[in-house]
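In case you want the letters, here they are:
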Amino acid sequence: TWQFFSGQAYFEHRRPCDASTLVKFGQLLGDEGVEELLAQTVNVAVALKLIEPQELQRVLVDSTVQHKAIAHPTDSKLLETARVKLVEVAKQAGIELKQTYAKEGQALGRKAGRYAHAKQWRRMKHTIKRQRTIVGRLQREVQRKAAATLNAVSSAVQQALQSMLERAAQIVEQSGQKKTKDGKPKLYSLHAPEVSCINKGKSRQPYEFGVKVGIASTAQHNLIVGAKAFHGNPYDGHTLAPQLEQAAILMQDTGSKPSTAVVDLGYRGVDADNPNVRIVHRGKSKRLTQAERELLKRRQAIEPIIGHLKADH
């Protein structure tokens, strides 16, 4: 059925493309290309009369966390990964290390996990301190020897070496602190430095590691008219203005733009930042009209849309 829908003339016993092909396609398109695709879906829906243009004026907005494919970031795991990656980039750059600490590094990683499981925190901290010493030594040694070999390697290897040295230094620094420095976010993954730690107030999963994403859909027909990533874990209310601005740009060919936004209580207190949009939430219960009260009952409709987006797309 999917192959027929995609326009293939003959049935084949394999998938039409690899999963990684779709990722590369998205990266080639970039943000503007993906937004253009989304804008065209809105235009087609209006052209086929699946939705009236005036329906685009009322939107539901909510935020979620797009999880990243990373392991749970403990200090011990991050330090061991940093050690392995430092040895790899040093080998690529042709740097000979006095010692790679491969055997001791693996043993320390296992020890730290066992001590944490047994709740022997003092022993665990002692083990992590040794891991931190090893990564610090390797980082300084690679940095000293890199100056002599940088001219002999390609620019890509130079860039990888420099970024890995910076990330290793950051992991060594943050694993020795009880609290983060003001204004300097923690590094939760070596391969995905954009990951943030986001607390959404869920009892079963208090912290989620990923990127905050805003989704906007129409109030009646569940047509997605906006999707935007917000790096750095901003307050939900501060994401509303750029979210509505994106939705207005995507709708511009239809001649409509959002005039009413139905949101949850996480978006309180930003009416002044959005003067041309009526913001509806249950915190304004005494100031809402009867039509707005009815519209507020539709707010929860965006929750399953977000669930399907995250699970199926």
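It should be noted that the structure appears before, not after, this text.
These lines cover the structure that appears in this document, whether it is placed above or below. Keep in mind it's a predicted model, so treat the numbers as computed, not measured. (Residues numbered from 1 in each chain as written. Predicted model: local features only at pLDDT ≥ 70, side-chain atom pairs only at ≥ 80, totals over all residues. Heavy atoms only, no water.)

1. As for the packing of aromatic side chains
Applied cut-off: Any Phe, Tyr or Trp ring, taking Trp's six-membered ring, that has another such ring centre within 6.5 Å forms a pair; planes under 30 degrees apart are called stacked, those over 60 apart edge-to-face, and the others tilted. Going along the chain from the N terminus, every DSSP run of H or I of four or more residues is numbered as a helix, and every run of E of two or more is numbered as a strand.
In this structure the tally under the stated criterion is one aromatic pair. Here the aromatic rings of Tyr188 and Phe209 are separated by 5.3 Å at their centres, their planes lie at 55 degrees, and the arrangement is tilted. A residue pair is termed long-range when its members are at least 10 positions apart, and Tyr188 in the loop between helix H6 (155-175) and strand S2 (196-199) and Phe209 in strand S3 (residues 207-218) qualify at 21 residues.

2. Quick look at the pairing of strand S1 (residues 58-67)
For clarity, the cut-off: Partly exposed residues are those whose accessible area sits between 20% and 50% of the maximum for their type, while under 20% is buried and over 50% is exposed, using a 1.4 Å probe and protein chains only. The pairing criterion is simple: DSSP has to find at least two bridges between the two strands.
Burial of S1 is extensive: seven of the 10 residues sit out of reach of the surface. In the sheet, S1 pairs with strand S5 (residues 260-262) via three bridges, with the strands oriented parallel. Residue Arg58 lies in a different strand from S5, and its bridge partner there is Thr260. With nine bridges connecting them, S1 and S3 associate as antiparallel partners. Paired with Val59 across the bridge in S3 is Thr218.

3. Re the environment of Gln158
With respect to the element layout, Gln158 can be found in helix H6. Once the C-alpha coordinates of Gln158 and Ala9 are considered, the two residues, 149 residues apart in sequence, prove to be 48 Å apart.

4. Some details on the side chain of Asn43
Heads up, the condition is: Any two residues whose heavy atoms approach within 4.5 Å are treated as being in contact.
Position of Asn43 among the secondary structure elements: in helix H2 (residues 19-47). Among all residues touching Asn43, those that are not within four sequence positions of it are Leu250, Asp253 and Thr254.

5. Considering a nonpolar patch on the surface
Under the convention used in this document: In this analysis, a patch consists of residues with relative accessible area above 30% that form no salt bridge, clustered at 9 Å for like charges and at 5 Å for the nonpolar side chains Val, Leu, Ile, Met, Phe, Trp and Tyr. Areas reported as accessible are Shrake-Rupley estimates using a 1.4 Å probe. Residue values count occlusion only from the protein chains shown. Just to be clear on terms, a salt bridge is a Lys or Arg side-chain nitrogen sitting within 4 Å of an Asp or Glu carboxyl oxygen.
A grouping of Phe25, Leu29, Val34 and Leu37 is seen on the molecular surface, where their side chains present a nonpolar patch of about 350 Å² in accessible area. Along the polypeptide, Leu29 turns up in helix H2.

6. Details of helix H4 (residues 102-117)
Rules: To estimate how far a helix should reach, multiply one less than its number of residues by 1.5 Å. Note that the arc is defined by the directions from the helix axis to the C-beta atoms.
A rise of 1.5 Å per residue sets the reference length of H4, with its 16 residues, at 22 Å; its end C-alpha atoms lie 23 Å apart and thus fit the reference within 8%. The complete set of buried residues in H4 reads Gly105, Leu108 and Ala112. Down the axis of H4, the smallest arc covering the buried residues is 60 degrees, so these residues share one side. The outward face of H4, more than 90 degrees from its buried face, is lined by the exposed residues Lys103, Arg114 and His117. Of the surrounding secondary structure, the elements contacted by the buried residues of H4 are helix H3 (75-92) and helix H5 (121-149).

7. Here's the deal with the nonpolar core
If you look at soluble globular proteins, the nonpolar side chains tend to sit buried side by side. Definition in use: Within this scheme, the nonpolar core is defined by two criteria: the residues are buried Ala, Val, Leu, Ile, Met, Phe, Trp, Tyr or Cys, and they are joined through side-chain atoms within 4.5 Å.
Membership of the largest hydrophobic core comes to 29 residues, with the highest contact counts inside it found for Ile95 and Leu161. At the level of elements, H3, H5 and H6 are the ones that each hand at least two residues to this core. Core analysis: the next-biggest nonpolar cluster, separate from the first, contains 20 residues, Ala216, Val225, Leu244 and Val277 among them.

8. Considering the pattern of salt bridges
It is possible for side chains bearing opposite charge to pair when their charged atoms get close. Tallying each qualifying case throughout the model produces 13 salt bridges. Of the charged contacts, one joins Glu12 and Arg14 as a salt bridge, the two residues approaching to 3.1 Å between their closest N and O atoms. Residue classification places Glu12 among the partly exposed residues on the basis of a relative accessible area of 32%. The partner of Arg299 in a salt bridge is Asp62, with the nearest N and O atoms 3.9 Å apart. Here Asp62 lies in strand S1 and Arg299 lies in the loop between helix H8 (290-296) and helix H9 (302-312), a separation of 237 residues in the sequence. Considered together, Arg299 and Asp62 belong to a single accessibility category, that of buried residues. A cluster of three or more residues bridged by salt bridges with shared partners is formed by Asp62, Arg299 and Glu303.

9. A short note on the environment of Val89
Residue placement: Val89 occurs in helix H3. Residue classification places Val89 among the buried residues on the basis of a relative accessible area of 9%. Along the sequence, Val89 and Ala160 sit 71 residues apart, while their C-alpha atoms lie 7.1 Å from each other. Those residues in contact with Val89, other than ones at most four positions away along the chain, are Ala160, Leu161 and Met164.

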